[in-house]
Structure formats: structure tokens, C-alpha cells
Amino acid sequence: MDKKTKIEILKTILAIESINNNEALVADYIASLFSEYPVTVEKVTYAHNRDNLVITIGSSGPILGFSGHMDVVAPGNLTDWVTPPFEPTIIDNRMFGRGAADMKGGLAALVVALLELLEKNIKLKGRVRLLATVGEETGEYGAAQLTKLGYADNLAGLVIAEPTDNMQRIVYTSRGVIDYKVISKGKSAHSARPQYGINAIDNLLAFYELAKKRLSAFTETDTILGGITHNITVINGGEQINSIPSSAELMGNIRTIPQYPNQIFFEALEKIIVELNEKKDFDLSISYSFPEEAIPGEPDSNIIQIAQKVHQQYWKIPVKVTGSLGANDGAEFLQAKGDFASIVLGPGSHTSHQSNEYIELDTYLKAIKFYQNFAVTFLNEQSQVI
């Protein structure tokens, strides 16, 4: 495949407006690229216009997973963009557009790598499975669906092409995340006669104070990821200034580490809810939105050693083995059957979620070569083990 075609595939994927939705158009386009090859293509519908895509090349042997998500975040204030976010533009050998770094650039590199393996008729000693997901930016629920249906079962290894400083970091461990919402129900009354009402905001603030205090006691740290973080990030409540508020809600975000399973935090938060609801006039409830466990890992695992060996063929600077403070689809895929390791290694820049997001085209093109070489090398070594 020539350079122009590789860049055109990236450009086409970036031009599709899949803002937290509409991934089916991305899936359709990627699937069409494989129509002339003897591969297995499966679309797994999550919701209307939201299809995950699974493409498997090869018919037997160990399976290497390649993964990328098809959704992007909103572009924000359009006046902050030098070029329209969904009209991909090349400036100084950089492709600008929403999702260029996070992570349609990495996804496109995986796709082109597989197409070139097929085009060159390279005989793999195993299989490669592309897991292209919906909803990563809002909860990893596409990956959760594919995991539940068995698409990640018994993988030999998994590579997620999220951006890692232009392929200069291999991420093997990541923080988990718990997003929670607490709703407080009260009773409205005139503010001049508050004794006839129940102030939902006051009750919510009682939860706020206890949650901050109780979770601050989780002081263990991870040598790579550090400690947990807990922040109350959204608060809403009340109807108007001269009425006692009958309802209020807050949202909190916890970033976890492998030392603390998520269940520990669920129990701590729910204990606060129970304690407060035993008091007069309290009516609190809590819910969670797609919590993800932290990803443990070993810095000297086989998949990392192979990635390091292949990486040095394309980059002069040794790749750094490290962790990530953010969550990714690997948290879901690692819940699948079997025992396998995952790494995050992708060509995106540091501009994820920013205006004027971009990817370095030289890095994108080099990443394509890396993923091809890695697939062949990894499966060759797996076949020797078996």
C-alpha cells in the first residue's frame, strides 16, 4: 500500500463525526476495506448507530488482540481550532482533526497494518483480531459488551493503540476509575419557613464531608501509579433562591490503583449512605457509571520484551516502560477468560481532548510498520511456546 493511501484511510476515519456516538459509520468504512480479503468480519451492535467491529485474520493458532475505539470527544469551542475539527488537514507533516491523537490515529495504523499483512500475503503463525469499540470515552461499554460475548477470551496478548507520546512509552499498568452519583431528596418549603421543609443540599453536603474524610484514609501507593485520587466534580440542586431545595445531586470521580479493588470503595461509599439514611429526614441514594478496575501488570512480561525488541528497529530512543493515570478498554478485556497481558502503545501526540488535536504523520506511518512486525514476531514466539 502506498503512503498516499495510508494517509487517505486516516483522513477518512477522522472525517466521520463519531462524538460519543455514531460509531457505526466508522465500523462500516473499516469493514469495507477488508471486503476483498478472506477474513472474518463481525459487527456487534450496542445501540442504534453504534456498532462494535471485530475483524479476525488467520484461521487457527494463538490470537493476538489489537484494539482501538471509534468514538471521540466533542471538539469544544470551534473558534479555538485553526482548522475545522472534522475536516482533517495536513500542516507541517501533521494531520489535524478531532480524534487524530485519541485515538483514530492509532486505530487507523492498526487497520492499515492488517491490510498490509493481507496484501503481502504474509503467513501468520496464529491469528490477529481487531477489536474496534464504541463508547470508550464514556465508559468502555463497547469493550464490556465484546468481553461478555467472548471475543477477548483466551487471547495470547493484547495491544491497545491509545496514544503514548508518539510511541515512546509502553503502558503496562493503569489506574481504574469509579464514577458515582449521589441523589438527595428533601422537601420544598418557603425559605422564610424552613422548618416546614427538608434541605436536600444540606443533607448532600453531609455526604460530601464524610466521603472526603473516609476515602482520604486509603493511603497505600503504587510505585508506578501513585495513590488514589477522589474528587467531587459536579454538584446540582435547588429550584429557586427563596425555596428550600427538594432535591440535589453530586457526582464524584475516584481513580484507583491495583492495591485497592473497586469493591472496597463501593462498600465505603454505601456505608456512608446507610449511616446517613438512618438519621431523621435523610433520603440519599447512590449509583455508579461503568466502573473500571485498575490494571495490574509486570514490567518485564513477554509481550513487553517483544515490543521493546521490535520498537528498537524503528526508533533510536529506547521506549519507556511505564503506567497510565487514565483508564482504557483493557480494564474490560482483561476480565475475559484466560490469562494474558495487555500493553498500550500508540502513535498519538499529547493533544488528546484538546483543540487542534493532531498526529505526526511520520510516527503514524512508522507505527504501521511496527504493528505488522510486532504481530509476526509475537505470533512466531507464541507458536514456539505452544
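These notes cover the structure that comes with them.

Reading guide: rules and limits
- Residues numbered from 1 in each chain as written.
- Predicted model: local features only at pLDDT ≥ 70, side-chain atom pairs only at ≥ 80, totals over all residues.
- Heavy atoms only, no water.
- Helix = DSSP H or I, 4+ residues; strand = E, 2+ residues; numbered from the N terminus.
- Buried < 20%, exposed > 50% of the residue type's maximum accessible area, 1.4 Å probe, protein only.
- Pairing = 2+ DSSP bridges.
- Axes fitted to C-alpha atoms, helices over the stretch in contact; angles between N-to-C directions.
- Contact = heavy atoms within 4.5 Å.
- Lys, Arg positive; Asp, Glu negative; His and termini not counted.
- Salt bridge = Lys/Arg side-chain N within 4 Å of Asp/Glu carboxyl O.
- Polar contact = N/O pair within 3.5 Å; in protein donor to acceptor, adjacent residues only side chain to side chain.
- Parallel < 35°, antiparallel > 145°, perpendicular 65-115°, else oblique.
- Left-handed = near helix turned anticlockwise from the far one by under 90°.
- Nonpolar A, V, L, I, M, F, W, Y, C, P; charged D, E, K, R; others polar.
- Core = buried A, V, L, I, M, F, W, Y, C linked by side-chain atoms within 4.5 Å.

With that out of the way, let us pick up unusual backbone geometry. In this structure, Met-103 follows Asp-102 across a cis peptide bond, with omega equal to -15°. Residue position: Met-103 is located in the loop between β5 (94–96) and α3 (104–119). The residue Asp-92 is not glycine, and still its phi comes out positive at about 55°. Position of Asp-92 relative to the elements: it lies in the loop between β4 (89–91) and β5. For Asp-92, a relative accessible area of 71% puts it in the exposed group.

Turning our eyes to something else, we now look at the sheet that holds strand β15 (residues 358–360). Taking strand neighbours across the sheet as the criterion, the 3 strands line up as β4-β5-β15 in an open arrangement whose pairing is antiparallel. Strands with a single pairing partner mark the edges of an open sheet, and in this sheet they are β4 and β15. Taken pair by pair, the neighbouring strands of this sheet meet at an average axis angle of 25°, ignoring direction. Relative to β5, β4 is paired through 3 bridges, and the arrangement is antiparallel. In the sheet register, Ile-91 faces β5, and the bridge partner there is Arg-94. Together, β4, β5 and β15 form the strand contacts of helix α1 (residues 3–15), whose direction differs from that of β5 by roughly 20°.

Topologically, Asp-51 is positioned in strand β2 (residues 50–57). No salt bridge is formed by the buried Asp-51; the nearest opposite charge belongs to Lys-43, separated by 5.5 Å. Looking at Asp-51, its side chain comes within polar contact range of the side chain of Thr-45, at 2.8 Å. Setting aside chain neighbours within four positions, we find Asp-51 in contact with Glu-23, Ala-24, Ala-27, Lys-43, Val-44, Thr-45, Met-70 and Val-134.

With that settled, consider the packing of helix α2 (residues 23–33) against α3. Relative orientation of the contacting elements α2 and α3 amounts to 20°, with a least axis distance of 10 Å. Viewed along their axes, α2 and α3 adopt a mutual orientation that is roughly parallel. In the packing of α2 onto α3, the handedness of the crossing is right-handed. Of α3, the residues touching α2 (which contributes Val-26, Ile-30 and Leu-33) are Lys-104, Leu-107, Val-111 and Leu-115. Looking at the contact of α2 with α3 residue by residue, the class counts come to 6 nonpolar, no polar and 1 charged.

Our next topic: the nonpolar core. Most often, soluble globular proteins keep nonpolar side chains buried together rather than apart. Ranked by size, the top nonpolar core spans 66 residues in total, and within it Ile-30, Phe-34, Phe-66, Tyr-364, Tyr-371 and Phe-374 carry the most contacts. Discounting chain neighbours no more than four positions away, the residues touching Phe-66 are Leu-110, Leu-114, Val-128, Arg-129, Leu-130, Leu-131, Leu-158, Val-159, Tyr-371, Phe-374 and Ala-375. Ala-200, Phe-218, Ile-232 and Phe-266 belong to the second-largest nonpolar core, a separate cluster that totals 27 residues.

Right, let's get into the pattern of salt bridges. In this structure the tally under the stated criterion is 9 salt bridges. Among the salt bridges present, the one from Lys-6 reaches Glu-116, with a minimum N-O distance of 3.3 Å. Here Lys-6 is found in helix α1, whereas its partner Glu-116 is found in helix α3, with 110 residues between them in sequence. We note a salt bridge from Lys-280 to Asp-281, for which the minimum N-O separation is 3.2 Å.

Structural measurements only, silent on function.
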